[in-house]
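Listed here are the chains, written in short residue letters.
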Amino acid sequence: CVLPALLVHLAEVYGDPQVHPQRERPDYLDPAVELQIGDVRNPDSVARALAGADAVVHCDGNHALLETITASSVGRVVVASPLLDDAPPRFEGLHVRAGIVLGRNADPSTLSLFAGPVAVDAGGSGDRPLQVIHPHDLQRVLVRAVLDGESSGTVDVAADGETSVRAVAAALGR
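A brief look at the structure comes next. All values derive from a computational prediction rather than experimental measurement.

What counts and what doesn't
- Residues numbered from 1 in each chain as written.
- Predicted model: local features only at pLDDT ≥ 70, side-chain atom pairs only at ≥ 80, totals over all residues.
- Heavy atoms only, no water.
- Core = buried A, V, L, I, M, F, W, Y, C linked by side-chain atoms within 4.5 Å.
- Buried < 20%, exposed > 50% of the residue type's maximum accessible area, 1.4 Å probe, protein only.
- Helix = DSSP H or I, 4+ residues; strand = E, 2+ residues; numbered from the N terminus.
- Contact = heavy atoms within 4.5 Å.
- Salt bridge = Lys/Arg side-chain N within 4 Å of Asp/Glu carboxyl O.

Points about the nonpolar core
Nonpolar side chains in soluble globular proteins tend to end up buried together.
Now for step 1: In terms of nonpolar packing, the biggest core is built from 13 residues, with Val78, Val96, Ile133, Leu138, Leu142 and Val157 touching the most fellow members.
Now for step 2: Looking at this core, the elements with two or more residues in it are strand S2 (76-82), strand S3 (94-98) and helix H5 (135-148).
Now for step 3: Ranked by the residues each element gives to this core, the list is headed by H5, at four residues.
Now for step 4: Apart from residues no more than four positions distant in its own chain, valine 157 is found in contact with Leu83, Val96, Arg97, Ala98, Gly99, Ile133, Leu138 and Val141.
Now for step 5: Val46, Leu65, Val79 and Phe91 belong to the second largest nonpolar core, which has 10 residues in total.

This is the structure we're talking about:
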């Protein structure tokens, strides 16, 4: 998953509290980093997590949560979403649209789409072109987006060239 690696890098840079997707302290998290556990559906929990935050990288697509984040005093908001998503309404930070995240540290649910007995292909063709990006490349883009802090608008990121559902499934031995 891109998010844990990104958070570890930002924790090393800033040493500030970070919010993680797990409900318990992950093994990879430096003991010096403060972990806040809460529910993103609870406005009080979100407000506690955002208190004193310099930046937020929002990756889950929840527009209600994003509105809470942008209404807070957080100085820098970066939204990561799939390549074809439009920027969230009334959003003034940096919107990073990424290709499908594939690689050794990719989200297991994404890899399972290609590694199961049947590769899911919503477009109807196993040879349909796909734009992909490696998790570490997306991590570097998101870290730079937070650290630079000046850019706004929409940025599309993906590896050079294209692949296909059939090629990814074949690379995974399917």
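Section: the pattern of salt bridges
Now for step 1: Applying the stated criterion to the full structure yields three salt bridges.
Now for step 2: Taking the shortest distance from any N to any O, the salt bridge between arginine 97 and aspartate 156 comes out at 2.6 Å. Of the two residues, arginine 97 is situated in strand S3 and aspartate 156 in strand S7 (residues 153-157); the sequence distance between them amounts to 59 residues.
Now for step 3: The class for arginine 97 is buried, based on a relative accessible area of 17%.
Now for step 4: For aspartate 156, a relative accessible area of 45% gives the class partly exposed.
Now for step 5: Across the pair aspartate 137 and arginine 140 runs a salt bridge whose closest N-O atoms are separated by 2.2 Å. One end of the pair is aspartate 137 and the other is arginine 140, both in helix H5 and three residues apart, which spans about a single turn.

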